[in-house]
Amino acid sequence: MGKALSPARGEIWVENGGFRDFQSPVRDVMWVFYPSKYPHHVPTGLGKTSGRSFSTHITPLAGLPLRNQTIPGGSETRALLWIQCLILLISTILLSSCQPQSELQQLPYQPEYLEAAHPPSFSPMRIPADNPLTKAGVALGRKLFFDPILSKDSSIACSSCHQPELAFTDGKAFSTGVEGRMGKRSAMSLLNVGFYAKGLFWDGRVATLEEQSLHPVRDTLEMRHSWPVLLQKLQAHAEYPGLFRRAFGIKTRKEIDSILVGKALAQYERTLISADAKFDRVMREGAQFTPQEKRGWTIFFDASPAVPTSECNHCHVDPLFSTLNFENNGLVAALSLDDYPDKGRGAITGNRNDNGLFRVPTLRNLKYTAPYMHDGRFKTLDEVLDHYASGGHPGTNVSPNVRKLKLSKQDRADLIAFLNTLNDEN
Ligand code: HEC
Ligand code: HEC
């Protein structure tokens, strides 16, 4: 600062030293300087690069408005000043027209609030106060959900592993992420996920959908992306900034962050409801079970001494067909609590007694969600019933409700007929 007392040819002085707003790799361009603390205020000076750094050419001429500024150094410099003023004018116009802020602010932000669906038998969905459902928020979340931009090599979207036609699963035992990487667990159905109030994932390690959405993006076995790079892509995108504006009222592209991405995805996921299976219609509108379905229902709910007990409804309670608790259903053979290959809930709580526990999954839409269990080990419901009928593998924390069952061939067929009434064709 103040190194030179008068500008040399090719140098342009600036009114104050508070430069910072524009950096360009291009040499010898005209610079508009803003006071550093107020980047959106009027420019206060001009500068010119004459090398990689221009700071040495800046001498503060304190307080003088640019118009009145006289720069010592003769007519040549004064002529230069006029040119500078002209360029300042043009660049101010140009800059203000390409300021991302005003570009987004021209778009309307008029949130249209939506009611979360509330099927009669369900308890109300809990929605965080800072992320109410809006039409634009759900639409944005939907677009993000189906957009492979979220993965490192743009090969995989959320919907690759959560496919609508498979009740938002992927039909595989283990999901495949980018570059063909194999996941360690089976993808979960996202239908009714907005009602899962006791923790998400097979092990319940995440509390909210907002937070959950941040995981797959950086999961090295799923999308393998880095948030800073993804956010740059979204900010520079032709459509997303406008959609984020409509959904969340952001003023500049730079405001797109992972929190808003998570909020939008969560809003969309809260609209994925399945409550129109035959079972629901029987409960609601007096639709009729067939005699076989009715008998299966009775077995499932242990509703009559005339049928054998199945114990299913201790854990798979309606309407979600899950208590959402963590249980060991004797699926995996393990010599001791330390020997479960996937510790499940135990890896989260650090409590040995939780090893081998997984969240009870819903039994809705089983027609679409095979293969079954956290490791996709069973391909059919027959195999599932073989497992439960056998009483499963012993283990100190296996639920006492999993024990040898006496189910005839007919009982099993009836039970499966009932389970099929939980498929929602809509
Ligand atoms: C490569 C496959 C894959 C991709 C891509 C993927 N998921 Fe998943 N998703 C899974 C698997 C596997 C699980 C279970 C993981 C576990 O329990 O550890 C899961 C679980 C979930 C759950 C928990 C559901 C519940 O009932 O608790 C939600 C919600 C979810 N994913 C949403 C998303 C969203 C949103 C995206 C996109 C940002 C996404 N997933 C991308 C495979 C995937
Ligand atoms: C002690 C609680 C408990 C009982 C009783 C129980 N289950 Fe389960 N069920 C679970 C748990 C926990 C899982 C997930 C286990 C895993 O993946 O490790 C599960 C998984 C399942 C699945 C796989 C669902 C999917 O999407 O992968 C089906 C199907 C199922 N149970 C049906 C039944 C039936 C039918 C009965 C009665 C015969 C029954 N369950 C009894 C706790 C229970």
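Our structure's up above, just so we're on the same page.
Analysis parameters
- Residues numbered from 1 in each chain as written.
- Chains lettered and ligands numbered in written order.
- Predicted model: local features only at pLDDT ≥ 70, side-chain atom pairs only at ≥ 80, totals over all residues.
- Near = placed C-beta within 6 Å.
- Helix = DSSP H or I, 4+ residues; strand = E, 2+ residues; numbered from the N terminus.
- Nonpolar A, V, L, I, M, F, W, Y, C, P; charged D, E, K, R; others polar.
- Buried ≥ 20, exposed ≤ 12 C-beta atoms within 10 Å, placed from the backbone.
- Core = buried A, V, L, I, M, F, W, Y, C linked by C-beta atoms within 7 Å.
- Domains from an automatic or database assignment.
- Contact = placed C-beta atoms within 7 Å.

J.: So what's going on with the site of ligand 2? Which residues, and what values?
T.: Close to ligand 2 lie 23 residues; Cys312, Cys315, Tyr372, His374 and Ser399 are nearest. When residues of the shell around ligand 2 are traced back to their parent elements, those giving at least two are helix H13 (366-369) and helix H14 (381-390). The residue inventory of the shell around ligand 2, partitioned by class, reads 13 nonpolar, eight polar and two charged.

J.: Which residues make up unusual backbone geometry, and what are the values?
T.: Looking along the chain, the bond that leaves Asp318 and enters Pro319 is cis, with omega of 5°. Along the polypeptide, Pro319 turns up in the loop between helix H11 (291-300) and strand S3 (326-327). Phi angles above zero are rare outside glycine, and Ala167 is one such case at about 50°. Relative to the elements of secondary structure, Ala167 occurs in the loop between helix H4 (158-161) and helix H5 (209-212). Using a count of 23 C-beta atoms within 10 Å as the deciding quantity, one classes Ala167 as buried. In this structure, Asp302 takes a positive phi of about 45° despite not being glycine. Note on placement: Asp302 falls in the loop between H11 and S3. For Asp302, a count of 15 C-beta atoms within 10 Å puts it in the partly exposed group.

J.: Give me the lowdown on the nonpolar core, citing residues and values where you can.
T.: Counting residues in each nonpolar core, the largest one holds 63 residues, and the members touching the most others are Leu140, Leu144, Phe244, Ala247, Ala264 and Leu265. Secondary-structure elements contributing two or more residues to this core are helix H3 (135-145), H4, helix H7 (227-236), helix H8 (240-248), helix H9 (258-269), H11, H14 and helix H15 (409-420). The element contributing the most residues to this core is H9, with six residues. Two domains share this core, each providing at least three of its residues, namely domain 2 (135-269) and domain 3 (278-420). Beyond its immediate sequence surroundings of up to four residues, Leu144 is in contact with Leu150, Val261, Ala264 and Leu265.

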